[in-house]
Amino acid sequence: MKVSVFGLGYVGCVSAACLASMGHEVVGVDVNQVKVDLVNDGKAPVVEERIGELIAEVVRSGALRATGDVREAVLHSEVSLVCVGTPSEPNGSLCTTYLERVTEQIGAVLAERGGRGGGSGRHTVVFRSTMLPGTCLNLLVPLLEKQAGGTAGVDFGVAVNPEFLREGTSVRDFFDPPKTVVGELGPASGDAVLALYDGLPGEVFRVPVPTAEAIKYADNAFHGLKIGFANELGAVCQALGVDSHQVMDVFLADRKLNISPAYLRPGFAFGGSCLPKDLRSLVHAAQRADVSVPILSHVLPSNSAHLQRAVELVERTGKRRVGLFGLSFKPGTDDLRESPLVELAERLFGKGYDLKIYDANVSLSRLIGANREYIETRLPHLAQLLADSVDEVLEHAEVCLVGTREPAVLSALPHGDAGPVLIDLIHLPDADARRAEPGYVGLAW
């Protein structure tokens, strides 16, 4: 394919060189004439493993060249890959100035060809720059359509294709990617992007444009969180006289719960007899040792804030009769110790809501010992709030909070706008279908 790559920094330079080495005809575009001259001389404008040899090779073969002429580059390409920087503003917001400028320039050239470029077939604009969800559809697509005088997805293609290149190993990462993500404005746009990477390994995800924009942020936020977690835990271990690397060797060996998809799906707040207690103990030990652990010390406040989101969703409905399905901290048990659903019931009851609760595994007549004591001390009016059936809750409630996947509950939940407002705390099995229904509200989806 004929490809124009806008921005010859780390991402653009590596993308251009690697695509050229795969047989594509690539022209790099940059406003910095020094970078343009370096590429045309067969030299890399960035320091990166293997990039120097690769650029020398593809420039020598004629597969890669560089220019400052936007018009010439777009007119002689089928795909424009936008790799310009999106730095932070002083207040932390995303700077989209360079993205907007390049988008307008590309759109103006597309207007000359009626959205077409490269001789045949429509032109596809692919945004590879990191940008927040909504940037492409709400900012860049309108700019393109205004300048090009056409409709995105019809007269020209648009896609978002985030990169997952680590500096220092970016050439290696390009040819062996962890995944390929394409946010497509129609199948034809996605097809054009995937044609660029034909033959590369790794799973391919074709998703809506905002999803593709969000994925890069999910990745980088988690990477930062992992590094911070390991460093904080290491500092606590050192203060307690423990070999932190030995601890993490064992931690990392657990591929069932630790390094796995476990606990990484948005849902309700956590609770139970272990997580809250152990987090409090660890943070207290760090404080006693004068070790600052801002990440670990904010896990429980973050959990509480997530629970509060459920309360606020109820408040926004303006309704007073509330039903709660689920009470124990984990489905299939009657354990109420530090259950977030008990805490949710307490907050709603304390705010004066007319509350009824159903949990098949929780019955006062069967609760003994610690659980009975827990109810009597934490929620003394629980006996009056517990319902004997799903139907009793549904008949009572104007708003239902669903915190369990119990089959009897799932099968009884109404569809459409005939029943109560449904606030989904667990991502119901049919959540995707319910999203289009009036009265359905997901806690974090």
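Our structure is the block above this text.
Here's what I pulled together on the structure shown here. (Residues numbered from 1 in each chain as written. Predicted model: local features only at pLDDT ≥ 70, side-chain atom pairs only at ≥ 80, totals over all residues. Heavy atoms only, no water.)

The tally for this structure, following the rule as stated, stands at 17 salt bridges. When the shortest N-O distance is used, the salt bridge between aspartate 278 and lysine 277 registers 2.7 Å. Residue class for aspartate 278 comes out partly exposed when judged on its relative accessible area of 39%. Here lysine 277 falls in the partly exposed class, since its relative accessible area comes to 43%. Glutamate 437 is the partner of arginine 434 in a salt bridge, and the nearest nitrogen-oxygen pair spans 3.8 Å. In terms of burial, arginine 434 and glutamate 437 fall into one category: buried. The network of salt bridges with shared partners includes Glu184, Asp191 and Arg206. (Salt bridge = Lys/Arg side-chain N within 4 Å of Asp/Glu carboxyl O. Buried < 20%, exposed > 50% of the residue type's maximum accessible area, 1.4 Å probe, protein only.)

The element strand β9 (residues 321-325) is largely enclosed, with a buried count of four among its five residues. Pairing between β9 and strand β10 (residues 354-358): five bridges, direction parallel. The residue bridging arginine 321 from the neighbouring strand is aspartate 354, located in β10. On the question of chirality, the crossover connecting β9 to the parallel β10 by way of helix α14 (residues 340-350) is right-handed. (Helix = DSSP H or I, 4+ residues; strand = E, 2+ residues; numbered from the N terminus. Pairing = 2+ DSSP bridges. Right-handed = clockwise from strand over helix to strand, strands pointing away.)

Turning our attention to the environment of leucine 425. Assignment of secondary structure puts leucine 425 in the loop between β12 (421-424) and α19 (431-434). C-alpha of leucine 425 to C-alpha of leucine 233: the two residues are 192 residues apart in sequence and 30 Å apart in space. Sequence-distant contacts of leucine 425, defined by excluding residues within four places in its chain, comprise Gly267, Phe268, Ala310, Leu341, Leu344, Leu401, Val402, Gly403, Leu443 and Trp445. (Contact = heavy atoms within 4.5 Å.)

This part takes up the sheet that holds β10. Strand order in the open sheet made by the five strands is β10-β9-β11-β12-β13, with parallel pairing throughout. Pairing within the sheet leaves two strands with one partner each, and these edge strands are β10 and β13 (440-442). Strand-to-strand twist of the sheet, defined as the mean angle between neighbouring strand axes without regard to direction, takes the value 20°. Contacts from helix α13 (residues 299-317) reach β9, β11 (399-402), β12 and β13 within the one sheet, and its direction differs from that of β11 by about 165°. α14 rests against β9, β10 and β11 of the sheet, and its axis sits at about 170° to β9. (Axes fitted to C-alpha atoms, helices over the stretch in contact; angles between N-to-C directions.)

Looking now at the packing of helix α1 (residues 10-21) against helix α3 (residues 51-61). Where α1 meets α3, the axes come as close as 9 Å, and the angle between the chain directions of the two elements is 50°. Classified by the angle between their axes, α1 and α3 sit oblique to one another. The handedness of the crossing between α1 and α3 comes out as left-handed. Residue-level inspection shows Cys13, Val14, Ala17, Cys18, Ala20 and Ser21 of α1 in contact with α3, the latter providing Ile51, Leu54, Ile55 and Val58. Residue composition of the contact of α1 with α3, by class: nine nonpolar, one polar and no charged. (Parallel < 35°, antiparallel > 145°, perpendicular 65-115°, else oblique. Left-handed = near helix turned anticlockwise from the far one by under 90°. Nonpolar A, V, L, I, M, F, W, Y, C, P; charged D, E, K, R; others polar.)

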